[in-house]
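Structure assessment
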Amino acid sequence: MPITNGTVFMPSVLTFIGIRGLETIQCWIGIPFCTMYIIALVGNSLLLIIIKSEPSLHEPMYIFLAMLGATDIALSTSIVPKMLGIFWFHLPEIYFDACLFQMWLVHTFQGIESGVLLAMALDRYVAICYPLRHATIFTRQLVAHIGIGVTLRPAILVIPCLLLIKCRLKFYRTKLISHTYCEHMALVKLATEDVYINKFYGLLGAFIVGGLDFILITLSYIQIFITVFHLPQKEARLKAFNTCLPHICVFFQFYLLAFFSFFTHRSGSSIPSYIHITLSNLYLLVPPFLNPFVYGVKTKHIRDKVVKIFRSKDQA
């Protein structure tokens, strides 16, 4: 690993700084992050168990919800253990190739979550706007194809990001990553070479996945609201709206945090680094933490099943 004028040639090991500016209190910051992670694991695992064990929940909406829960578990698990290793056990180092693999996992699961939210929006769109055709459109075969599609799309799109870093960027100004996990822009910013292509492809991939999904979800719900408001009975309007409310809440919390994280990470020095790093962490932790509560409280079938499980335990 030759070093010339402070430039590192292809570092084999990188070092996380963590949340720059808050190093002295990182051990305390790790406590709420760990708590959120544990609750996310328990909540989403319970969600998966309920959906798998209850035949009446083997419908497209709940299958997509199970995919969302599994993605949330995988997404939070891809960053939290290493993050806590940095905060609590002073283990900031990571091999360069392992960093690339973590980056692939993080961005792939982010893309899968975005795709599942789009699938859920389209399911609600067909169920409300074309209720008589829902069963014939959203067949098990279509749901399986959607699941494969939303998984392969980000998994494949992220691979060129890794190759562009591995093959194009040879010289780095430092081995220190001012972050708690390997994020595309955090790693690209370390390079001393021209990173225009890396940034351009990163933006293109973000638009193809997150941007396009956001537009399609928004258009779906505009059409859903138009249809709901034209329903003749108030009870029917409330019922249709209530079936969409959990997904709307999840949609807003996911994309609002995503946009804040995305733009603060590209705003240069105008925003302190600890703000955009904290937002990046919350973006990956808050949705997995809140999603089980949102769907558990607002979805009657799941709420009744949870109550039934805990009542049977109390009686035993």
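Residues numbered from 1 in each chain as written. Predicted model: local features only at pLDDT ≥ 70, side-chain atom pairs only at ≥ 80, totals over all residues. Heavy atoms only, no water.

Considering the overall build of the protein
Quick reminder of the rule: Working definition: helices are DSSP H or I runs of at least four residues, strands are E runs of at least two. Numbering for both runs from the N terminus. Atoms considered for the radius of gyration are the C-alpha atoms alone. The globule rule reads 2.2 Å times the number of residues to the power 0.38. For every residue, the accessible area (1.4 Å probe, protein chains only) is compared with the maximum for its type, and the residue is labelled buried under 20%, exposed over 50%, or partly exposed between those bounds. Contacts: residue pairs with any heavy atoms within 4.5 Å of one another. Lys and Arg are tallied as positive, Asp and Glu as negative. Neither His nor the chain termini are counted. By convention, the charge on Lys lies at NZ, on Arg at CZ, on Asp at CG and on Glu at CD.
Along the backbone of the protein there are 11 helices and six strands. At 21 Å, the protein has a C-alpha radius of gyration in line with the 20 Å of a compact globule built from 316 residues. Taken along its principal axes, the extent of the C-alpha atoms in the protein is 75 × 45 × 35 Å. Among the 316 residues that make up the protein, the fraction classed as buried is 47%. In the protein, 78% of the contacts between residues at least 6 apart in sequence involve partners at least 24 apart. When the 25 positive and 15 negative side-chain charges of the protein are each reduced to one mean point, those points stand 3 Å apart.

Comments concerning the pattern of salt bridges
If charged atoms from side chains of opposite charge come close, those side chains can pair. Basically, it comes down to this: Basic side-chain nitrogens of Lys or Arg form a salt bridge, by our definition, when they fall within 4 Å of a carboxyl oxygen of Asp or Glu.
Under the defined criterion, the tally for this structure stands at three salt bridges. For Asp-123, the salt bridge identified is with Arg-124, shortest N-O distance 2.8 Å. Pair check on accessibility: Asp-123 and Arg-124 agree, each one buried. A salt bridge links Asp-213 to Arg-153; the nearest nitrogen and oxygen atoms lie 2.7 Å apart. Of this pair, Asp-213 sits in helix H8 (residues 196-229) while Arg-153 sits in helix H6 (residues 140-168), and the two are 60 residues apart along the sequence.

Quick look at the state of the cysteines
We apply this condition: A pair of sulfur atoms, both from cysteines and within 2.5 Å, is called a disulfide here.
One pass over the structure, following the stated rule, counts one disulfide. Residue Cys-34 stays outside any disulfide, its sulfur separated by 13 Å from that of Cys-27, the closest cysteine. In this structure Cys-244 is a free cysteine whose sulfur lies 8.8 Å from that of Cys-129, the closest cysteine sulfur available. Cys-244 sits in the buried class, given a relative accessible area of 1%.

Topic: the sheet that holds strand E3 (residues 13-16)
What holds strands together in a sheet is hydrogen bonding between their backbones, with the strands either parallel or antiparallel. What counts here: Here, a strand pair is defined by DSSP locating no fewer than two bridges between the strands. In this analysis, axes come from line fits to C-alpha atoms, helices being fitted only over the stretch in contact, and the angle between any two N-to-C directions falls in the range 0 to 180 degrees.
Taken in spatial order, the three strands make up an open sheet running E4-E3-E6, and their pairing is mixed. Edge positions in the sheet fall to strand E4 (93-95) and strand E6 (176-177), since each of these pairs with one other strand and no more. When E3 meets E6, the two strands line up parallel, connected through two bridges. Within E6, the residue paired with Thr-15 across the bridge is Leu-176. Against the sheet, helix H4 (residues 96-129) makes contact with E3, E4 and E6, and its axis sits at roughly 85° relative to E4, the strand it touches most.

Some thoughts on the environment of Thr-151
Along the polypeptide, Thr-151 turns up in helix H6. Thr-151 gets classed as partly exposed once you look at its relative accessible area, which sits at 33%. Separated by 39 residues in sequence, Thr-151 and Ile-112 have C-alpha atoms that sit 5.4 Å apart.

Observations concerning the nonpolar core
Rules: Nine residue types can take part in a nonpolar core, namely buried Ala, Val, Leu, Ile, Met, Phe, Trp, Tyr and Cys, and a core is a set of them joined through side-chain atoms within 4.5 Å.
Counting residues in hydrophobic clusters, the biggest one holds 86 residues, and the most contacted among them are Leu-65, Ile-165, Ile-177 and Leu-187. By residue number, the principal contributor to this core is H4, which donates 17 residues. With residues up to four places along the chain from it excluded, the contact list for Ile-165 reads Phe-96, Leu-100, Met-103, Tyr-172, His-184, Leu-187, Val-188 and Asn-198.

Here we look at the packing of aromatic side chains
Applied cut-off: Here a pair means two rings of Phe, Tyr or Trp (six-membered ring of Trp) with centres within 6.5 Å. Their orientation is stacked below 30 degrees between planes, edge-to-face above 60, and tilted elsewhere.
By the definition in use, this model includes 18 aromatic pairs. A ring pair is formed by Phe-64 and Phe-138, whose centres lie 6.3 Å apart and whose planes are at 85°; its orientation type is edge-to-face. Separated by 74 residues along the polypeptide, Phe-64 in helix H2 (residues 60-77) and Phe-138 in the loop between helix H5 (134-137) and H6 bring together distant segments of the chain. Accessibility expressed as a relative area gives 8% for Phe-138, which makes it buried. Each member of the aromatic cluster is reached from another via a ring pair, and the members are Phe-214, Phe-251, Phe-252, Phe-254, Tyr-255 and Tyr-283.

Re the environment of Pro-60
Locating Pro-60 in the fold gives a position in helix H2. Given a relative accessible area of 13%, Pro-60 falls into the buried group. Counting along the chain gives 63 residues from Pro-60 to Asp-123, while the straight-line C-alpha distance between them is 7.3 Å. Contact partners of Pro-60, with chain neighbours within four places excluded, come to Asp-123, His-134, Phe-138 and Val-143.

Focus on the side chain of Ser-76
Checked against the element boundaries, Ser-76 lands in helix H2. The class of Ser-76 is buried, set by a relative accessible area of 1%.

Some points on the packing of helix H1 (residues 26-53) against helix H10 (residues 273-298)
Helix packing geometry: the angle between the two helix axes and the distance between the axes. So the rule is basically this: Geometric relationships in this document are graded by angle, where less than 35 degrees denotes roughly parallel, more than 145 denotes roughly antiparallel, 65 to 115 denotes roughly perpendicular, and other angles denote oblique. In a left-handed crossing the near helix is turned counterclockwise from the far helix by less than a right angle, and in a right-handed crossing that turn is clockwise.
Two elements in contact, H1 and H10, have axes whose closest approach is 8 Å; the angle formed by their N-to-C orientations is 40°. Between H1 and H10, the angle is such that the two are oblique. Between H1 and H10 the crossing geometry is left-handed. Between H1, through Phe-33, Met-36, Ile-39, Ala-40, Gly-43 and Asn-44, and H10, the contact on the second element is made entirely by Asn-281, Leu-282, Leu-285, Val-286, Pro-288, Phe-289, Pro-292 and Phe-293.

Some details on the packing of H2 against H10
Which entries qualify depends on this criterion: All residues other than Ala, Val, Leu, Ile, Met, Phe, Trp, Tyr, Cys, Pro, Asp, Glu, Lys and Arg, Gly among them, are scored as polar; the first ten of these are nonpolar and the last four charged.
Remark: H2 packs on H10, axes separated minimally by 9 Å, with the N-to-C direction vectors making an angle of 145°. For the crossing formed where H2 meets H10, the hand is left-handed. Contacts between H2 and H10 involve Leu-65, Leu-68, Asp-72, Leu-75 and Ser-76 from the former and Leu-284, Leu-285, Pro-287, Pro-288, Asn-291 and Tyr-295 from the latter. In terms of residue class, the contact of H2 with H10 is made up of eight nonpolar, two polar and one charged.

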